[in-house]
Amino acid sequence: MNSNTYLCYDLETTGPNPYYDIPIEIAAIALKPRTLESYKDNLGQDITFYSLVQIPEEFLKAAEADPKKKASLEGALKINNKTLDDLAEAPDLKTVWRNFVNFCQQYSSKPSDSWRSVIPVTYNGNGFDNVMIDRLAKEFGDVDGEGRSIVFHKNLSVDLYQDMFRWTENSTKPGRLNLDTIRKWTKYPEGAAHTAMYDAYTVKHLFCRLQKKQREISQKVVLENCFEISPLGPNE
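Residues numbered from 1 in each chain as written. Predicted model: local features only at pLDDT ≥ 70, side-chain atom pairs only at ≥ 80, totals over all residues. Heavy atoms only, no water.

## Considerations on the overall build of the protein chain
For clarity, the cut-off: Where helices and strands are cited, they refer to DSSP runs of H or I of at least four residues and of E of at least two residues respectively, numbered from the N terminus. Computation of the radius of gyration draws on C-alpha atoms alone. For the globule rule, the value is 2.2 Å times the number of residues to the power 0.38. Under the scheme applied here, a residue whose accessible area is under 20% of the maximum for its type counts as buried, over 50% as exposed, and between as partly exposed, the area being computed with a 1.4 Å probe on protein chains only. Two residues form a contact once any of their heavy atoms are found within 4.5 Å. Only the protein chains shown count as cover for residues, and the accessible areas themselves come from Shrake-Rupley with a 1.4 Å probe. The convention is simple: Lys and Arg are positive, Asp and Glu are negative, and His and the chain ends are not counted. We put the charge of a Lys on NZ, of an Arg on CZ, of an Asp on CG and of a Glu on CD.
Summing up its helical and strand segments, the protein chain has 9 helices and 5 strands in all. Walking the protein chain from its N terminus toward its C terminus, one meets helices and strands in the order β-β-β-α-α-α-α-β-α-β-α-α-α-α. For 236 residues, the compact-globule formula gives about 18 Å, and the C-alpha radius of gyration of the protein chain, at 20 Å, lands near that figure. Seen through its C-alpha atoms, the protein chain measures out along the principal axes to roughly 65 × 45 × 45 Å. Looking at the protein chain residue by residue over its 236 residues, the buried ones come to 45%. By sequence separation, contacts in the protein chain at least 24 residues apart represent 69% of the contacts at least 6 residues apart. For the protein chain, the exposed surface amounts to about 13,700 Å²; the carbon and sulfur share of it is 51%. Separation of charge centres in the protein chain, based on 29 positive and 33 negative side chains, amounts to 4 Å.

Structure (structure tokens):
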């Protein structure tokens, strides 16, 4: 039975390349593993992490010198409804990174052991957000003796993009699996799409709905000894 905290999080970034671009906004919500409820502060409010991130001067210079990088950055800022002025007074990446790691590790019983780290929950994280987090962990030294990130669980992650594929792969709807389409299809409350906190809460609510349904179904499906109970057929 899982005892690791789930971390629903989202990154808004300077562009679409997780091996080059950097976050400009990070948000996260931690969930208790058994109840899937948010951790609360003394006022009963969700304990969350949120920060804007200042874009380093060297990154801006590189973008200014390369038309493709400049166009990518301008496009990302437009999608995220941010300006360079909005980010100018934000903390630098190193500071935000350390605060984010500390937020994650407070939910680990042993921060140096990635087997006990939070389990990341994302939308397309395995193709983007988690890739960037792994890269930044290596850049800032948050790795184990094998050079693997200790920020998140060593092997486990939940990618709702893949989950939505498995839940809908035998249906003609919703047609596309991007998060905006899923929000419209599920009638998720409208809000500031492509801002980190709104997207992180979308991830939280989708995850909780799917995970609770998965737990309900799992109680009715017998996996133990299933191939003995129902042997493989000749065409399987």
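## Focus on the pairing of strand β1 (residues 6-13)
Both faces of the sheet carry side chains from a regular strand, because those side chains alternate between them. Applied cut-off: We treat two strands as partners when DSSP finds at least two bridges between them.
Buried residues dominate β1, accounting for 8 of its 8 residues. Alternating residues of β1 divide into Tyr 6, Cys 8, Asp 10 and Glu 12 and Leu 7, Tyr 9, Leu 11 and Thr 13, and every residue in both groups is buried. Pairing analysis gives 8 bridges linking β1 to strand β2 (residues 23-31), with the strands arranged antiparallel. In the strand pairing of β2, Cys 8 is matched with Ile 29. As paired strands, β1 and strand β4 (residues 119-122) are joined by 3 bridges and run parallel to one another. Of the residues in β4, the one forming a bridge with Tyr 6 is Ile 119.

## Topic: the pattern of salt bridges
Convention followed: Salt bridges, as used here, are contacts in which a Lys or Arg side-chain nitrogen is within 4 Å of a carboxyl oxygen on Asp or Glu.
Taken as a whole and assessed by the stated rule, the structure comprises 13 salt bridges. The closest approach of N and O atoms between Asp 142 and Arg 98, which form a salt bridge, is 3.0 Å. Remark: Arg 98 occurs in helix α4 (residues 93-105) and Asp 142 occurs in the loop between α5 (129-140) and β5 (158-159); sequence separation between them is 44 residues. Looking at Asp 142, the relative accessible area reads 8%, which means it is buried. Judged by relative accessible area, which is 31%, Arg 98 ranks as partly exposed.

## With respect to the sheet that holds β2
So the rule is basically this: For helices, the fitted line uses only the C-alpha atoms of the stretch in contact; every axis is such a line through C-alpha atoms, and the angle between N-to-C directions lies from 0 to 180 degrees.
Taken together, 5 strands build an open sheet; the order of strands is β3-β2-β1-β4-β5 and the sheet is mixed. Where the open sheet ends on each side, the last strands, each with one partner, are β3 (48-52) and β5. Contacts from α5 reach β1, β2 and β4 within the one sheet, and its direction differs from that of β1 by about 85°.

## Quick notes on the environment of Lys 154
Using the following cut-off: Here a polar contact means two N or O atoms within 3.5 Å. Within protein one must be a hydrogen donor candidate and the other an acceptor candidate, and residues neighboring in sequence count only if both atoms are side-chain atoms.
Positionally, Lys 154 belongs in the loop between α5 and β5. Residues Lys 154 and Leu 36, 118 residues apart in the sequence, show an inter-C-alpha distance of 21 Å. A distance of 3.4 Å separates a polar atom in the side chain of Lys 154 from a polar atom in the side chain of Glu 146.

## Let's talk about the pairing of β4
Inclusion rule: Crossover handedness is defined here as right-handed if the route from the first strand over the helix to the second strand goes clockwise, with the strands pointing away from the viewer.
The alternating pattern of β4 places Ile 119 and Val 121 and Pro 120 and Thr 122 on opposite faces, both of which are buried. For β4 and β5, the ladder comprises 2 bridges, and the chain directions are parallel. Within β5, the position partnered with Thr 122 by the bridge is Asp 159. The handedness of the β4 to β5 crossover, carried by α5, is right-handed.

## Quick word on the packing of aromatic side chains
Any aromatic ring pair is given by two values, namely how distant the centres are and how the planes are angled relative to each other. Let me state the cut-off plainly: Here is the rule: rings of Phe, Tyr and Trp (six-membered ring for Trp) pair when centre to centre is within 6.5 Å. Planes less than 30 degrees apart are stacked, more than 60 are edge-to-face, and the remainder are tilted.
Evaluated as defined, the whole model comprises 13 aromatic pairs. Aromatic side chains Tyr 39 and Tyr 107 sit 4.6 Å apart centroid to centroid with 40° between the ring planes, which places their arrangement in the tilted category. Of the two residues, Tyr 39 is situated in the loop between β2 and β3 and Tyr 107 in the loop between α4 and β4; the sequence distance between them amounts to 68 residues. Judged by its relative accessible area of 13%, Tyr 107 is buried. By the ring-pair criterion, three or more aromatic residues cluster together here, those being Tyr 9, Tyr 39, Phe 49, Trp 97, Phe 100, Phe 103, Tyr 107, Phe 140 and Phe 152.

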